[in-house]
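Letter by letter, the chains look like this.
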Amino acid sequence: MTTTWGKRLRLNLGPLPEELVPTSTIEISHDERGRWQVIAAYPAKRVSSSRPRRKRLARIEGIDAGVSEIFTDTTGRRYGAGQYERIAVRAQRDRDRGQARNRLRVVRDRALARARAADAAGDVAKARVARAKAQRIERHNLGRNKLSAQRVHDRAVTRDAVYQAVHDLVDTTAHIVAEDLSHLRGRSKFGRTANRVYAAWQRSFLADALASVPSRRGSAVTLINPAYTSQQVHPCGHLGVRRGKNVYCQTAGCPQQGIVYDTEINAARNILARATDPQIGRFTSTQEVKRILIDRAGTVENCPTTTQVITGKAVV
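Residues numbered from 1 in each chain as written. Predicted model: local features only at pLDDT ≥ 70, side-chain atom pairs only at ≥ 80, totals over all residues. Heavy atoms only, no water.

Describing the side chain of serine 230
- Here serine 230 lies in the loop between strand S7 (220-224) and strand S8 (241-243).
- For serine 230, a relative accessible area of 10% puts it in the buried group.
- Reaching out from serine 230, the side chain makes a polar contact with the side chain of arginine 242 at a distance of 3.4 Å.
- In contact with serine 230, not counting residues within four places along its chain, are Asp64, Arg242, Val247, Thr263, Asn266 and Ala267. (Helix = DSSP H or I, 4+ residues; strand = E, 2+ residues; numbered from the N terminus. Buried < 20%, exposed > 50% of the residue type's maximum accessible area, 1.4 Å probe, protein only. Polar contact = N/O pair within 3.5 Å; in protein donor to acceptor, adjacent residues only side chain to side chain. Contact = heavy atoms within 4.5 Å.)

Right under this line is the structure:
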C-alpha cells in the first residue's frame, strides 16, 4: 500500500510459489525529490557474485583513491583509468550549458524589463507580448528536469565505474587496505574539475563499494587513518613536497632528496604500511599523526641508502 488512501502500488513479483517463505523485506517510501522508491533488503549470505576469482589471490594490497583514476594499488596498477577525462568532459558540458542558460536569463530579464516599461507607459499590448516571451523562455529553456535527470545519470555512471573497479580488485586480492574516506571533504588543490572527482558523493560510492563488495565475495577490508599518506615519502618516511601527480623529499642530506615518486603509488604503499602501524590508529588526530611521523623519521643518518625509483626522474 501507499501513503495515499485507497491507492496501491502494484509490483510484479512473478508467479507465486506454493509456499511463501519470507526471504527479504521491502520498503516503499518517498525519496528526497518527492518520487517513490522501493528498497529491498536481503540477507548477505543470499547475495553473491558469479564473477570468477583467481585461485592464487594476492594476500594483501593497499589502494589510494586517485585523481586520474578511481584508485591505484601498490604495484602501480590503475583501476578505473580515464575517470578524470570523463569528469572533465562532464564539467565542460555543464559549463557550456550554464553559459547558454545565463544568456537566456539575460534575454528573459530584458523582456521583463520591457514589460515593466510598457506597463508604466500604459501600453498593455506590448507589455503582454514581452511578458509572454519571458514566460516561454522560463517554461521551455530554464527548467530543471533535464538537468536533474542528467545529474542522476552521471552519478549512476560513476557509481557503476567505482563498483566495477572494486570488483576487479577483489578478483585478485584477499585483503584490501584503504583510507577511511568518511571524514574527508570534497576539495582538492587541482582546480574545479578535480574537485568534481573529489566530491563527497563520488567518494561515498567508493566507501560503499568497499563496505559491500569484498564482504560478499570473501575478501577483507581494513580502513586506516588517511592523514599525510600522500605527503609522506615512503622509502625514507619524511614529509615531502607534493606537486600534482609527483611527490619528493626535500630534506637536506637525505638519500631520497630530489627523487620524484608517483603520488598514488607512494600513497598506496604508505596506506599498506599503516595497516600494521602500532602508533597511528584509524581515529588518531591529524596533529598527532604529523608529530609521530616527524619523530619517527629522525635524522637523515637513519634513512635507507637504497632507492626505489618509481617515475625515473628527479627534481631539478
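Don't stop here, the text continues.
Re the layout of surface pockets
- Counted as a void, the second largest pocket has a volume near 420 Å³.
- Forming the walls of the second largest pocket are 12 residues, and the residues nearest its centre are Arg33, Val152, Arg155, Arg159 and Phe205.
- Those elements that place two or more of their residues in the lining of the second largest pocket are helix H3 (145-170) and helix H5 (200-217).
- For the lining of the second largest pocket, the leading source of residues is H3, giving five residues. (1 Å grid on protein atoms, 1.4 Å probe; cavity = no way out; pocket = protein on both sides within 12 Å on 5 of 7 lines; lining within 4 Å. Points joined across faces, edges and corners; volume = space filled by probe spheres on them.)

Some thoughts on the pattern of salt bridges
- Using the criterion set out here, one finds 14 salt bridges in the structure.
- Arginine 282 is the salt-bridge partner of aspartate 180, the closest N and O atoms lying 3.0 Å from each other. Linking aspartate 180 in the loop between strand S6 (175-179) and helix H4 (192-197) with arginine 282 in the loop between helix H6 (263-274) and helix H7 (286-297), this pair joins segments that are 102 residues apart in sequence.
- Note on aspartate 180: relative accessible area 5%, which makes it buried.
- For the salt bridge of arginine 291 with glutamate 288, the shortest nitrogen-to-oxygen distance reads 2.4 Å. One end of the pair, arginine 291, and the other, glutamate 288, are both in helix H7, three residues apart, so they sit about a helical turn from each other.
- Accessibility expressed as a relative area gives 41% for arginine 291, which makes it partly exposed.
- Note on glutamate 288: relative accessible area 29%, which makes it partly exposed.
- Each of Glu69, Arg78, Lys245, Asp262 and Glu264 takes part in one network of salt bridges that share partners. (Salt bridge = Lys/Arg side-chain N within 4 Å of Asp/Glu carboxyl O.)

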